[in-house]
Amino acid sequence: MVFISGRETNPYFNLAAEEYLLECGTGDIFLLWQNRPSVIIGKNQNAYAQLNLSFMENHGILAARRLTGGGAVFHDLGNVNFTFITDAPTRREIDFERFAVPIAEVLQKLGVPAVLDGRNDLLADGRKISGNAQCVYPAGDGRQRLLHHGTLLFSADLSCLGGALHVDREKMESKGIQSVESRVANIRDLPQYRGPDTVEGFLDALTEAAAVRYGAPRGYTPKEAAAIQELADKKYSTWDWIFGKSGAYSVTRERRFAFGTVSVSLNADKGVIRQITFGGDYFGIKDTERLADRLIGCRLEEAALTAALAECADYIHGSTRGQIAELILGKKTGEAL
């Protein structure tokens, strides 16, 4: 077993590292790693239906998409992540117990009454302390590789967790996989926990336990780091991967401004507007149907929207491009009344 202890906290690098090791690694690999504040959505989820983009932008929280399915999870430096990579069994089936139980055993030695629940979480006192996900990855050389990864909430900012994942759905209808709300807890706050007080100490304890089982850890080689960074830049940090993979959804939003109330109803697929209409008690020189036509095919990203909304004050008198773009995206600002 190769044990890699990653020190990079960029979520795009760390997610790219998993794919790189699936594709280029051999044998069994175990990783311990951390991310700066970020929300990692599942492969099959709709980013727009899951993420509170206003909250995330205001709190410096990044959005990312992973290779595995399941629901969205919040990461910060109070959270420790683990990954197992191995050859997939002949039978393609999901087996969380094989990988989650060794983690639970380490936690139990620290006093945590960790148990695997019926699906994919580790619980303590009935509350979620670890979410796990898994997939089989077809490598380019024909090998079938298995990826299993999970979170360990130690001292995460649970207020940011709730804020980043709480979506004001505003009549939103989405066919994407929705995250399941559950009661969560930080390991440090459990009354039975008797390990280190800091996340650094907790990570050291996990590293020591893993070293006994898997051997001494190493970091990424310069060659590996360069290849991983290239994959992060070309795939994992891009709008196409994070937002462009979002499925079809429709939403209606309404906001009251000083110049009047504006409502927008839109249908989108893969992060692109397919249909959009405006309504409200605003005034305008030109018909908003013409404005709507200009937005068809536009990406749901602020730069693209503000470019397409040039001269929007002719259609919605008194408005700015930024106000209408933020309404379309569901962002909350201080400009609304």
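A quick note: this is a predicted structure, and the numbers were derived from the prediction, not measured.

Chemist: Please give an account of helix H9 (residues 288–295) that cites residues and values.
Modeler: Residues Thr288, Leu291, Ala292 and Leu295 constitute the buried set of H9. Taken around the axis of H9, the buried residues stretch over an arc of 100°, which confines them to a single face. What points out from H9, more than 90 degrees from its buried face, is the exposed set Glu289 and Asp293. Where H9 is buried, its residues meet strand S14 (272–280), helix H10 (302–308) and helix H11 (321–329). Near the N-terminus of H9, the side chain that reaches the backbone nitrogen of glutamate 289, with its oxygen 2.9 Å away, is that of aspartate 287.

Chemist: How would you sum up the sheet that holds strand S5 (residues 73–75)? Please name residues and give values.
Modeler: Pairing is mixed across the open sheet formed by 3 strands, whose spatial order is S4-S3-S5. Looking at strand neighbours, the two that pair on one side only are strand S4 (62–65) and S5, the edges of this open sheet. Pairs of neighbouring strands in the sheet enclose a mean axial angle of 25°, with direction left out of account. Here strand S3 (residues 38–41) pairs with S5 via 3 bridges, running antiparallel. Looking at S5, one finds that serine 38 is bridged to histidine 75.

Chemist: Could you give an account of the pattern of salt bridges, naming the residues involved and the relevant values?
Modeler: Inspection of every chain in the model, using the stated rule, returns 13 salt bridges. In this structure, arginine 145 engages aspartate 87 in a salt bridge whose closest nitrogen and oxygen atoms are separated by 2.8 Å. Taken as a pair, arginine 145 in strand S10 (residues 144–153) and aspartate 87 in strand S6 (residues 79–87) lie far apart in primary sequence, 58 residues in all. Overall, arginine 145 belongs to the buried group, its relative accessible area being 0%. The residue aspartate 121 makes a salt bridge to lysine 128 at a minimum N-O spacing of 3.7 Å.

Chemist: Which residues make up the packing of aromatic side chains, and what values go with them?
Modeler: According to the stated counting rule, one finds 13 aromatic pairs in the structure shown. For the pair tyrosine 48 and phenylalanine 243, a centre-to-centre distance of 5.3 Å together with 40° between the ring planes defines the contact as tilted. Of this pair, tyrosine 48 sits in helix H2 (residues 47–50) while phenylalanine 243 sits in the loop between helix H8 (239–242) and strand S12 (249–257), and the two are 195 residues apart along the sequence. Owing to a relative accessible area of 15%, phenylalanine 243 belongs among the buried residues under this scheme. Both rings, one in phenylalanine 154 and one in phenylalanine 202, keep their centres 4.6 Å apart while their planes meet at 15°; by these two values the pair is stacked.

Conventions used here
- Counting starts from 1 at the beginning of each chain's written sequence and moves along it residue by residue.
- Where local features are concerned, this predicted model is filtered to residues with pLDDT of at least 70; where side-chain atom pairs are given and counted, the filter is 80 or more; whole-chain, interface and lining totals use all residues.
- Water and hydrogen atoms were dropped before computing side-chain values, which therefore reflect all heavy atoms in the structure.
- Residue burial is assigned from relative accessible area. The probe radius is 1.4 Å, only protein chains are included, and a residue is buried under 20% of its type maximum, exposed over 50%, and partly exposed in between.
- Counting from the N terminus, the helices are DSSP H or I runs at least four residues long and the strands are E runs at least two residues long.
- Note: the arc covers the axis-to-C-beta directions of the helix.
- A contact between two residues is defined here by any heavy atoms of the two lying within 4.5 Å.
- Polar contact criterion, stated in full: a pair of N or O atoms within 3.5 Å, where within protein one must be able to donate a hydrogen and the other to accept it, and residues adjacent in sequence count only if both atoms are side-chain atoms.
- Here, a strand pair is defined by DSSP locating no fewer than two bridges between the strands.
- To obtain an axis, a line is fitted to C-alpha atoms, over the contacting stretch when the element is a helix, and the angle between two such axes runs from 0 to 180 degrees between their N-to-C directions.
- Salt bridges are counted wherever a side-chain nitrogen of Lys or Arg sits within 4 Å of a carboxyl oxygen of Asp or Glu.
- Here is the rule: rings of Phe, Tyr and Trp (six-membered ring for Trp) pair when centre to centre is within 6.5 Å. Planes less than 30 degrees apart are stacked, more than 60 are edge-to-face, and the remainder are tilted.

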